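# Examination of the molecular architecture
Chain by chain, the residues run as shown.
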Amino acid sequence: VQLVESGGGLVQPGGSLRLSCAASGFTFSRYVMRWYRQAPGKERELVAEISSAGVITNYADSVKGRFTISRDNAKNTVYLQMNSLKPEDTAVYYCNSLTLAGQLWGQGTQVTVSS
């Protein structure tokens, strides 16, 4: 049972990145999926979440209108499209789900927004 994130990197302010999170070992399509982030010296915060069928999404106020969460249940993958990135978006981004096996976390992927 695992979540594996990818797609992080260094990008200039105003740029875009797409994060991916590949799930395995559980019935992905049954569960809400979430993206969190944690910046140095700050608490981990919820960025976005998506319902099991992908119909309902919610976003932190700080990313509304810039980030889009989506999922492909056939590929067991959840995505986070990040546009108009700002330096304050710099953080380690984590994929998460609360399943019958408990809280699942990926290893995280670093996103750095800097000129």
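Our structure's up above, just so we're on the same page.
To start, this report covers the structure provided alongside it. Because the structure is predicted, anything quoted here is derived from the model rather than measured.

With respect to the element layout, Gln110 can be found in strand β11 (residues 109-113). Taking relative accessible area as the criterion, Gln110 reaches 39% and is therefore assigned partly exposed. Separated by 19 residues in sequence, Gln110 and Ala91 place their C-alpha atoms 6.1 Å apart. With residues up to four places along the chain from it excluded, the contact list for Gln110 reads Gly8, Gly9, Thr90, Ala91 and Val92.

Let us now look at the state of the cysteines. What the rule picks out here adds up to one disulfide. Between Cys21 and Cys95 runs a disulfide, and the two sulfur atoms are separated by 2.1 Å. On the sign convention where negative is left-handed, the bridge of Cys21 and Cys95, at about -85° about the S-S bond, is left-handed. Taken together, the residues span a long stretch of sequence, with Cys21 in strand β3 (residues 17-24) and Cys95 in strand β9 (residues 91-99) at a distance of 74 residues. Just as Cys21 is buried, Cys95 falls in that class too.

Inspection of the secondary structure puts Tyr31 in the loop between β3 and β4 (33-38). Accessibility expressed as a relative area gives 14% for Tyr31, which makes it buried. Between the C-alpha atoms of Tyr31 and Pro87, which are 56 residues apart in sequence, the distance is 31 Å.

What follows is about the pattern of salt bridges. Enumeration according to the criterion identifies five salt bridges in this entry. Across the pair Lys64 and Asp61 runs a salt bridge whose closest N-O atoms are separated by 3.2 Å. The closest approach of N and O atoms between Asp89 and Arg66, which form a salt bridge, is 2.7 Å. Taken together, the residues span a long stretch of sequence, with Asp89 in the loop between β8 (77-82) and β9 and Arg66 in the loop between β6 (57-59) and β7 (67-72) at a distance of 23 residues. Per residue, the accessibility class of Asp89 equals that of Arg66, and both read buried. Within the structure, one salt-bridge network assembled from shared partners comprises Arg37, Glu45, Arg66 and Asp89.

On to the pairing of β4, then. Looking at chain direction, β4 and strand β5 (residues 45-50) are connected through five bridges and run antiparallel. Pairing of Met33 across the sheet is with Ile50, part of β5. Counting the residues between successive antiparallel strands, the hairpin from β4 to β5 contains six residues, one of them, Gly41, with a positive phi of roughly 75°.

What follows covers the nonpolar core. By size, the foremost hydrophobic cluster in this structure holds 29 residues, and its most contacted members are Trp35, Val78, Leu80, Met82 and Tyr93. Looking at this core, the elements with two or more residues in it are β3, β4, β5, β7, β8, β9 and β11. Among the elements that line this core, the one with the most residues is β3, at four residues.

The rules behind these values
- Residues numbered from 1 in each chain as written.
- Predicted model: local features only at pLDDT ≥ 70, side-chain atom pairs only at ≥ 80, totals over all residues.
- Heavy atoms only, no water.
- Helix = DSSP H or I, 4+ residues; strand = E, 2+ residues; numbered from the N terminus.
- Buried < 20%, exposed > 50% of the residue type's maximum accessible area, 1.4 Å probe, protein only.
- Contact = heavy atoms within 4.5 Å.
- Disulfide = S-S within 2.5 Å.
- Salt bridge = Lys/Arg side-chain N within 4 Å of Asp/Glu carboxyl O.
- Pairing = 2+ DSSP bridges.
- Core = buried A, V, L, I, M, F, W, Y, C linked by side-chain atoms within 4.5 Å.

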